[in-house]
Amino acid sequence: MRIGMGYDVHKLAPDRKLILGGVEIPFELGLLGHSDADVVVHAIMDALLGAAALGDIGKHFPDTDLQYQGISSICLLEHVGDLLRKNHYKIGNVDATIICQKPKLAGYKEEMVRNVARALNIEENRVCIKATTEEGLGFTGEGLGISSQAIALLEEY
């Protein structure tokens, strides 16, 4: 068994869509980034790549490469899933937490789980996505950005 941890953060900005877990969430601000800036999917990808010792998302999808500009992070996650299978890894589970003061995400988490599970070609009961606030503290608590942490378990086959 192999365990990996991932973390991502993006600044909130006007004139951007807010995409989390592949779900477009109605909000006055979106996340600033080269791709769609989906922090939860980015954290999950880094956890999976780290568990397999395959580097990080910057290695596989550099923000200097125009082909990734504006791309859906769910598409990138599909590629990571393929890479894991090619390297003989099976995903045991993925657990992620989104950290933001607002918007409230309770109504979107099930769809996020479905999107991640589908992209990785695994059962939904192998994916958990949670959300929490920081009680007004720090950059996420002040509404300046959103972060996410993830952990993943891989099994070699």
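Residues numbered from 1 in each chain as written. Predicted model: local features only at pLDDT ≥ 70, side-chain atom pairs only at ≥ 80, totals over all residues. Heavy atoms only, no water.

Engineer: Explanation requested: the pattern of salt bridges in the structure shown.
Structural biologist: If charged atoms from side chains of opposite charge come close, those side chains can pair. For the structure shown, the criterion picks out four salt bridges. Close ionic contact of Arg85 with Asp82 constitutes a salt bridge, the shortest N to O distance being 2.6 Å. Placement of both Arg85 and Asp82 in helix α3 (residues 73-86) is noted, with a separation of three residues, approximately one turn of the helix. Look at Arg85 and you get partly exposed, because its relative accessible area is 31%. (Salt bridge = Lys/Arg side-chain N within 4 Å of Asp/Glu carboxyl O. Helix = DSSP H or I, 4+ residues; strand = E, 2+ residues; numbered from the N terminus. Buried < 20%, exposed > 50% of the residue type's maximum accessible area, 1.4 Å probe, protein only.)

Engineer: Can you walk me through the side chain of Asp46 in this structure?
Structural biologist: In this fold, Asp46 is placed in helix α1 (residues 39-51). In this view, Asp46 contacts Met5, Gly6, Tyr7, Asp56 and Ile57; residues no more than four positions away in its chain are not counted. (Contact = heavy atoms within 4.5 Å.)

Engineer: How do you make sense of the sheet that holds strand β4 (residues 30-31) when you look at a structure like this?
Structural biologist: Across a sheet, strands are paired by hydrogen bonds formed along the backbone, either parallel or antiparallel in direction. Here we have five strands laid out as an open sheet, ordered β4-β1-β7-β5-β6, and mixed in their pairing. Unpaired on one side and paired on the other, β4 and β6 (127-132) mark the two borders of the sheet. Docked against the sheet, α1 engages β1 (2-13), β4, β5 (89-99), β6 and β7 (145-156), running at close to 155° with respect to β1. (Pairing = 2+ DSSP bridges. Axes fitted to C-alpha atoms, helices over the stretch in contact; angles between N-to-C directions.)

Read these as geometric descriptors, not functional statements.
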